[in-house]
Amino acid sequence: MKSRRFWLAVTSAAAATSLLLTGCGSTEGNSAGASQAAEKKEVKDLKIGFLQRQLDAPYYKAMEVEAQKASKEQGFELLFQNANGDPVTQLNQAQTMVSQGVDALIVNAISPNTQKQQLEQIAGDIPVIFIDTGIPDVGVTAVTSDNYEIGKLSGALTAKRFTQGEPVDVAILNGGANDESVGPKRQQGFLDGLKEGGVTYEVVAEASAVYAQDKAVPAAESMLSAHPDVDLILGLNDAMALGALTVLQDQKNTKTLVAASADGQKEALAEIQRGGCQGQYVSTGLNSPSLATARGFEIAVALASGQKAAGDFKKEEFTKAAGIDCNNVKDYYNPENVF
């Protein structure tokens, strides 16, 4: 249960954002204008903000690297903030960037339910583009992976490691209470992939590791303490699955398999390649931070410079989806990649 202090903070953030937007003009008055092409502006004169949800996993750091790369190559000014997983902090950062005059705002949202109203108001004044985690019906577009599909593709690959009809106990490392959209889709997709692959499964334990490898270690230890004979640990991203693998290796446990529903992190791909088709790390799904970030900034620049209008873009764009295991890992693994 969220504390009273948290909800007071949300109320304060909402009030502050509302005051800011009142000073800029009403949302109703500006929403129509925000949907039209902006006045023509040189890319070198643009100021684009990027609100990143957290930086404690390689995936998120790779997004920052891609953003810095885009800024350097195209010449616009990049304003970057990390919210450390706090939705209220991210709302405050959004407010600050609006006051600093950003021409467009790119957001990796933390809690769609908590943040929808305030970001919807901001989106009435400037283009808002989501990457990785979007908020339905808010902003110009969301550039994300198809989380259900990539989870399902990974689950189908993992199913091949089990005998059809054999009962399989699954423990899951998830993204925590604020993970309202991405994680549940990845989890359901993976489990559906197992089921369609003929696996009869039971989820015997779930624990939050908020997509971070270091937090996955104690979470996996706790689940294994209660369920030492679990057949499979599923991480909703590679960082959490890698944390679980560390625990299994420390405990000399070679029986429990590990899989991720998403990411394609190079360290995970190295484990899949090293273990081969009998390895302990079975599969993952392609979720490229570089593709999503590059496309997000491409859209932001086009809108902020007046080259395109909001209506030129779909409300949601998906990056390439693929399942990755021992049979095709060579097609995706590159040790030189940032992620």
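Heads up: the structure comes first, above all this text.
Note that the structure is predicted; figures quoted are calculated from it, not measured.

Definitions and cut-offs
Residues numbered from 1 in each chain as written. Predicted model: local features only at pLDDT ≥ 70, side-chain atom pairs only at ≥ 80, totals over all residues. Heavy atoms only, no water. Core = buried A, V, L, I, M, F, W, Y, C linked by side-chain atoms within 4.5 Å. Buried < 20%, exposed > 50% of the residue type's maximum accessible area, 1.4 Å probe, protein only. Helix = DSSP H or I, 4+ residues; strand = E, 2+ residues; numbered from the N terminus. Contact = heavy atoms within 4.5 Å. Salt bridge = Lys/Arg side-chain N within 4 Å of Asp/Glu carboxyl O. Disulfide = S-S within 2.5 Å. Pairing = 2+ DSSP bridges. Axes fitted to C-alpha atoms, helices over the stretch in contact; angles between N-to-C directions.

Q: Please clarify how the nonpolar core should be interpreted in this entry.
A: In globular proteins that are soluble, nonpolar side chains generally tend to be buried together. The biggest cluster of nonpolar side chains holds 76 residues, and the ones touching the most others in it are F50, L173, I233, Y281 and F297. No other element matches helix α11 (residues 289–304), which puts eight residues into this core. For Y281, the residues in contact, after removing those within four places along its chain, are D238, A241, L242, L245, V258, A260, A268, E271 and I272. Within the second largest apolar cluster, 19 residues are counted, among which are L51, L79, I126 and F130.

Q: What am I meant to see in the pattern of salt bridges here?
A: Any two side chains of opposite charge can pair if their charged atoms end up close together. Scanning the entire structure with this criterion turns up nine salt bridges. Between K41 and D103 there is a salt bridge, and its shortest N-O distance comes to 2.8 Å. Residue K41 is found in the loop between α2 (27–34) and β1 (47–52), and its partner D103 is found in the loop between α4 (87–99) and β3 (104–107); the two are separated by 62 residues along the sequence. What makes K41 partly exposed here is its relative accessible area of 36%. Residue classification places D103 among the buried residues on the basis of a relative accessible area of 18%. For E317, the salt bridge goes to R295, with nearest N and O atoms at 2.9 Å.

Q: In this structure, what is going on with the state of the cysteines? I would like to understand it.
A: In a disulfide, the sulfur atoms of two cysteines are covalently bonded to one another. According to the stated counting rule, one finds one disulfide in the structure shown. Note that C277 is cross-linked by a disulfide to C326, the S-S spacing being 2.0 Å. Disulfide C277-C326: the torsion about the S-S bond is 95 degrees, which places it as right-handed. Taken together, the positions of C277 in the loop between α10 (266–275) and β10 (284–285) and C326 in the segment after β12 (323–324) put the pair 49 residues apart, joining distant regions of the chain. Note on C277: relative accessible area 37%, which makes it partly exposed. According to the relative accessible area criterion, C326 is partly exposed, its value standing at 22%.

Q: Would you mind showing me how to read the pairing of strand β8 (residues 232–235) here?
A: On a regular strand, each side chain points to the face opposite its neighbour's, so the side chains alternate between the two faces of the sheet. Residues L232 and L234 line one face of β8 and the alternating positions I233 and G235 line the opposite face, and both faces are buried. As judged from the four bridges shared by strand β6 (residues 167–174) and β8, these two strands associate in the parallel manner. What sits directly across from I172, in β8, is L234. Here four bridges tie β8 to strand β9 (residues 257–260), and the two strands are oriented parallel to one another.

Q: What's the story with the sheet that holds β3 in this structure? I'm lost.
A: The strands that make up a sheet are held in pairs by hydrogen bonds between backbone atoms, and each pair lies either parallel or antiparallel. Pairing in this open sheet of six strands is parallel, and the strands run β2-β1-β3-β4-β5-β11 from one edge to the other. Pairing within the sheet leaves two strands with one partner each, and these edge strands are β2 (77–82) and β11 (316–318). Taking each pair of neighbouring strands and ignoring which way they run, the sheet shows an average axis angle of 20 degrees. With three bridges joining them, strand β4 (residues 128–131) and strand β5 (residues 141–144) adopt parallel strand pairing. Among the inter-strand pairings, F130 is bridged to a residue of β5, identified as A142. Strands β1, β2, β3, β4, β5 and β11 of the sheet are contacted by α11, whose axis makes an angle of about 175 degrees with β4.

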